Amino acid sequence: MLKGKKIIIGITGGIAAYKIPFLIRLLKKEGAEVQVVMTPFATEFVTPLTLSALSERPVLIDFFDKGDGNWHSHIDLGLWADLILVAPLTANTMAKMASGIADNLLLTVLLSARCPVYFAPAMDLDMYRHASTKNNLETLQSFGYHLIEPAEGELASGLKGVGRLDEPEIIFSIIKKALVPQSPLEKKKILISAGPTHEPIDPVRFIGNRSSGLMGIELARAFAARGADVHLVLGPSKYSVEHPSITVSRVTTAAEMHERITSLYTDADITVMAAAVADYTPKDVKKEKIKKEEGVASIELTQTTDILKELGTNKGKDRILIGFALETENETQNALKKLQAKNLDLIVLNSLKDKGAGFEHETNKVKLFARDGKELEIPLKSKSEIAKDIVTYIEENLISE
Ligand SMILES: Cc1cc2nc3c(=O)[nH]c(=O)nc-3n(C[C@H](O)[C@H](O)[C@H](O)COP(=O)(O)O)c2cc1C
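The structure presented is a predicted model; accordingly, all values stated were derived computationally and were not measured.

## Describing the packing of helix α1 (residues 20–29) against helix α2 (residues 48–55)
Then comes step 1: Look at α1 against α2: their axes get within 9 Å of each other, and the N-to-C directions meet at 10°. Between α1 and α2, the crossing angle belongs to the class labelled roughly parallel. Mapping the contact onto sequence places P21, I24, R25 and K28 in α1 and T50, L51, L54 and S55 in α2.
Then comes step 2: Classifying every residue of the contact of α1 with α2 gives four nonpolar, two polar and two charged.

Shown next, in the form of structure tokens:
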């Protein structure tokens, strides 16, 4: 999500500097390019070696290298960055920033910057409460710099109060929000079904299918990454998902899937039915295991509720309904028929004929057909990438605001 984004992290000489390596890891994991610039005093708190190993770039501290005279252009650095974060920001550097002092590389880069600047002061509570700190903080805000407020809690001095640098995860999410344009999916309620269903024959046997549930899980992750609140109704899958924005309901049978989806449907803005729900279920489930000697001439089946059709009938005006189709013949024709018959806004077709696509693969190849006639073919790639492409399509084509 942060691929191609260039971030300068300015570190100053505060005890909370130890949290910055964790922040760098989070940013790097999301694909950001991170350049660390430290004040000379900051090197007493966290080593440039650790920071350069994690950021995969040499750490910059001085204006020039005394050995070879090689110098770092503060102007180039200021122009290179998409965002500068100063964290932790000491009372000392804050005062210097407020009055335009430029006696180290970091301060000079800040004066040359054209990008948004975020600053996260961290210090003892009395230093933070001091009138001069307050003045400097307001001055920085008057420059248009963005304050990341310190948190309240136990401080390195042993005192309790406001002054702690917030946790790396929180600073990371602030930076990410600043760099990635907000998605129209933010805060939308998404309902997703995924996985197979198991229809019991007796206490040990069932009728199932080869769906792994991975495609639906990756969709849940992709929606959550755009800030949506996701409810995933997951059939018996070997996969699980843990994410603060994804609630998971586990179900086993088509009837349970129907019951759970129906109870959540009215609240959902977008519903994606990616589960492979059984069309038929045994009429009588035997209470005891069927013995070999008893023999079974046949198992009588009864039709399950067509969940997608029912959802389509009760769709109303504003809800978005998306279905999946897995066809082995006349793929396009059958998918388009399903799109109409079930009153869908979009159908995602996977074909079992394509190598590496469909059930039991970590890759997929799909084609999207929208109600308005638009089509999009997504070539073979990981299910996680396919999920991101589908969510981008929804974001760009199906959400009106
Ligand atoms: C152990 C220790 C911890 C410190 N922690 C902080 C701090 O959290 N916040 C702060 O503003 N100053 C702190 N200081 C004081 C700064 O290190 C000092 O003001 C220094 O000049 C800052 O230099 P710089 O702003 O150029 O990095 C600490 C000093 C020591 C020795």
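## Observations concerning the domain arrangement of the protein
Then comes step 1: Splitting the protein by domain gives domain 1 (6–179) and domain 2 (189–283 + 301–397).
Then comes step 2: The C-alpha-based centres of domain 1 and domain 2 are spaced at 45 Å.

## Here we look at the site of the ligand
Then comes step 1: The environment of the ligand is formed by 14 residues, the closest being G13, T39, T90, A91 and T93.
Then comes step 2: One of the side-chain N or O atoms of T90 is found 2.6 Å from an oxygen atom in the ligand.
Then comes step 3: One nitrogen or oxygen atom from the side chain of N92 is found 3.1 Å from an oxygen atom belonging to the ligand.
Then comes step 4: Burial of the ligand by the protein chains amounts to 66% of its free accessible area of 640 Å².
Then comes step 5: Top element by residues in the shell around the ligand is helix α4 (residues 91–99). It accounts for three residues.

## Quick word on the nonpolar core
Then comes step 1: Of all hydrophobic cores here, the largest spans 36 residues; its most connected members are I192, L219, F223, V230, L232, I270 and I390.
Then comes step 2: Those elements giving two or more residues to this core turn out to be β8 (189–194), α9 (214–225), β11 (229–234), β13 (270–273), β16 (320–327), β17 (346–351), β18 (363–370) and α13 (383–397).
Then comes step 3: Element by element, the count of residues in this core is highest for α9, at seven residues.
Then comes step 4: In terms of nonpolar packing, the next biggest core, distinct from the first, is built from 32 residues, L2, I24, A122 and F172 among them.

## Describing the packing of α1 against helix α8 (residues 168–179)
Then comes step 1: The N-to-C vectors of α1 and α8 enclose an angle of 45°; their axes lie 9 Å apart at closest approach. By the criterion of interaxial angle, the relationship of α1 to α8 is oblique. Along this stretch, α1 crosses α8, giving a crossing that reads as right-handed. Only P168, E169, I171, F172 and I175 of α8 make contact with α1, whose side of the interface consists of F22, L23, L26 and L27.

## Observations regarding the sheet that holds β11
Then comes step 1: The strand order across the open sheet formed by eight strands is β12-β11-β8-β13-β16-β17-β18-β19, and the pairing between neighbours is mixed. The outermost strands of the open sheet, each flanked by one partner alone, are β12 (246–250) and β19 (375–382). Taking the axes of each pair of neighbouring strands and ignoring which way they run, one obtains an average angle of 15° across the sheet.
Then comes step 2: Here β8 runs beside β13; their pairing, made up of four bridges, is parallel. Following the sheet pairing, S193 is matched in β13 by M273.
Then comes step 3: In the packing of α13 onto the sheet, contacts are made with β13, β16, β17, β18 and β19, and the angle to β19 comes to roughly 155°.

Cut-off values and rules
- Residues numbered from 1 in each chain as written.
- Predicted model: local features only at pLDDT ≥ 70, side-chain atom pairs only at ≥ 80, totals over all residues.
- Heavy atoms only, no water.
- Axes fitted to C-alpha atoms, helices over the stretch in contact; angles between N-to-C directions.
- Helix = DSSP H or I, 4+ residues; strand = E, 2+ residues; numbered from the N terminus.
- Parallel < 35°, antiparallel > 145°, perpendicular 65-115°, else oblique.
- Contact = heavy atoms within 4.5 Å.
- Nonpolar A, V, L, I, M, F, W, Y, C, P; charged D, E, K, R; others polar.
- Domains from an automatic or database assignment.
- Near = heavy atom within 4 Å.
- Polar contact = N/O pair within 3.5 Å; in protein donor to acceptor, adjacent residues only side chain to side chain.
- Areas by Shrake-Rupley, 256 points an atom, 1.4 Å probe, with all protein chains shown as cover.
- Core = buried A, V, L, I, M, F, W, Y, C linked by side-chain atoms within 4.5 Å.
- Buried < 20%, exposed > 50% of the residue type's maximum accessible area, 1.4 Å probe, protein only.
- Left-handed = near helix turned anticlockwise from the far one by under 90°.
- Pairing = 2+ DSSP bridges.

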